[in-house]
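Coordinate inspection notes
What follows is the residue order along each chain.
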Amino acid sequence: MATSTTGSTLLQPLSNAVRLPVDQVNFVVCQLFALLAAIWFRTYLHSSKTSPFIRHVVATLLGLYLALFCFGWYALHFVIQSGISYYIMIIIGVENMHKYCFVFALGYLTVCQITRVYIFDYGQYSADFSGPMMIITQKITSLAFEIHDGMFRKNEDLTPSQRCLAVRRMPSLLEYLSYNCNFMGILAGPLCSYKDYINFIEGRSYQLQQSEANGKEDTKYEQTDPSPNIAVAQKLLICGLSLLFHMTITKTLPVEYNIDENFRATASWPVRFFYLYVSLMAARPKYYFAWTLADAINNAAGFGFRGYDKNGVTRWDLISNLRIQQIESSTSFKMFLDNWNIQTALWLKRVCYERATFSPTIQTFILSAIWHGVYPGYYLTFLTGVLMTLAARAIRNNIRHYFVESPTVKLCYDIVTWMTTQVAISYTVVPFVLLSVKPSLTFYSSCYFCLHIASILVLLVFPLKRTQKGSKKHESIQPVWSKKLEEENLLQKNSYSTTNNSFSQKEEITCRYQALKQ
């Protein structure tokens, strides 16, 4: 079935030349335009010589223009979803607005996804308007919870990260639209916290907090902004290599071949699992390209500075969405998910896992499936993911300590767990790529549901560690992305700054320092 486009057809000749759908060409060209616009934005509309109002207006108008070019009138959904959510925030009040915003934003997204999938364009991987809406939904819900935390909940009831992300005044409509629809993140994100974005717009994102050897806070300020040029160049190189891999290798290793009848009948089990691994590995570079390019765009505008490492080298990974080396070398299910779609994992943790009153892991996977879309394959993947996560956690908690004493034994353990993890990840995400129930079940049945059965047996043999009651509930059993991402979140010592004049800079620094010590 041919893929239709709702956006501009101006680039149709280029689309024909490169043999890609015009909406995908529009997406790439608009992102490259956004990269140039980001450099211009940082150079000529720098916060030191331009008011936040102008920066908000320009960022919003550019973002809406790019959305209009890519998606045509469907871009109105971005404004409608944001506008109604803002109205809900205003009329409902801080006590319950997070619940109403969550239900509305996720419900609106789901209705749009159902319309797109089952009415217009089932099974197509072309760029579509629901992709940006997924990011906007994350921003709407995150900000609603952050305002609820900052303006309603008691400070002592908040976790360190909630305390530092808490927003203590209602944003203006312009600030809200700018946060949701700015040109740096309108097409591919990534998600960022509202306070980080406002700090960037107002020129406060380069403030450094350093702790002295005796533990006291010592706040210093950069006299000149650190340059993102090296970080942007490195990320663009990764984008180029990822795109080259996708255009040359990925098409020769289709995931659908895993369910080819002749292949299943003639290939040995080792060959089938090897192809399963390489075909799913080959499917990842398109995500590497899109997310790394989005990160580079934000960096080029001056957004994404985290601070300096111990060697004094600048870090531009505040809103990075993945770590490729760690993904490809993962030796556990947890390690893979810790480094894949990082900002979404943090969003799930902040709006669901930390706040769930029962079965937080299951609730989080269900929310993730709903947010991703309405293809049945998504739900098969995330339900399988629950089993894999719990089984991997049980194995790690019960047997890993036997293999870490000797370097040689640990090396052998790491090799085995790397192979097992890569196969388990590939096995889990096949339905995510195949989308439909029938091909997904064909694949799993051809494997005799082997990893599902193995996971259930593991859970029957190895006990999961029980959670402690009370305040330690969410500390004792962590989600698959938790500890490492929580450390990363708390180490973002340059990212948190006040949006409320009454919340003084000294209090903000103390908040950061206390979180850093956790």
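Scoring rules and cut-offs
Residues numbered from 1 in each chain as written. Predicted model: local features only at pLDDT ≥ 70, side-chain atom pairs only at ≥ 80, totals over all residues. Heavy atoms only, no water. Salt bridge = Lys/Arg side-chain N within 4 Å of Asp/Glu carboxyl O. Helix = DSSP H or I, 4+ residues; strand = E, 2+ residues; numbered from the N terminus. Buried < 20%, exposed > 50% of the residue type's maximum accessible area, 1.4 Å probe, protein only. Core = buried A, V, L, I, M, F, W, Y, C linked by side-chain atoms within 4.5 Å. Patch = residues over 30% accessible without salt bridge, like charges linked within 9 Å, V, L, I, M, F, W, Y side chains within 5 Å. Areas by Shrake-Rupley, 256 points an atom, 1.4 Å probe, with all protein chains shown as cover. UniProt positions renumbered as here; feature names shortened; annotations may be inferred. Contact = heavy atoms within 4.5 Å.

Points about the pattern of salt bridges
- Per the counting criterion, the structure on display carries 12 salt bridges.
- Measuring nitrogen to oxygen at the nearest pair gives 2.8 Å for the salt bridge that ties glutamate 328 to arginine 284. Highlighted residues: glutamate 328 in helix H14 (residues 324-328) and arginine 284 in the loop between helix H12 (269-282) and helix H13 (285-300), separated in sequence by 44 residues.
- Arginine 315 serves as the salt-bridge partner of aspartate 317, at 3.0 Å between the closest nitrogen and oxygen.
- Of the residues examined, aspartate 317 reaches a relative accessible area of 22% and is grouped as partly exposed.
- One continuous salt-bridge network, built from bridges that share partners, spans Asp149, Arg153 and Arg355.

Considering the nonpolar core
- Grouped together as the largest cluster of nonpolar side chains are 75 residues, with contacts concentrated most on Phe41, Phe71, Phe78, Phe183, Ile186, Tyr197 and Phe200.
- Judged by nonpolar contacts, the second largest core, of 22 residues, contains Ala283, Tyr288, Ile327 and Trp340.

With respect to a nonpolar patch on the surface
- A contiguous nonpolar patch, built from Val437, Leu441, Phe449, Ile453, Ile456, Leu457, Leu460 and Val461 and spanning about 730 Å² of accessible area, is present on the exposed surface.
- At the level of secondary structure, the elements contributing two or more residues to the nonpolar patch comprise helix H20 (437-446) and helix H21 (450-461).
- Here the nonpolar patch gets 5 residues from one element, more than from any other, and that element is H21.
- The topology assignment puts leucine 441 in helix H20.

Re the UniProt feature "transmembrane region" (unreviewed entry) in the protein
- Summarizing the sequence annotation, UniProt attributes the feature "transmembrane region" (unreviewed entry) to residues 25-45, 57-80, 377-395, 415-437 and 443-464 in the numbering used throughout.
- This span, residues 57-80, is 83% helix and 0% strand, and a straight line between its end C-alpha atoms measures 18 Å.
- End-to-end, the C-alpha atoms of residues 415-437 are 33 Å apart, and along that stretch the chain is 91% helix and 0% strand.

Side note on the side chain of asparagine 180
- Following the sequence through the fold, asparagine 180 ends up in helix H8 (residues 173-181).
- By relative accessible area, asparagine 180 is classed as buried at 2%.
- Discounting residues that sit within four places of it in the chain, asparagine 180 has contacts with Ser82, Ile136, Lys139, Ile140 and Ile186.

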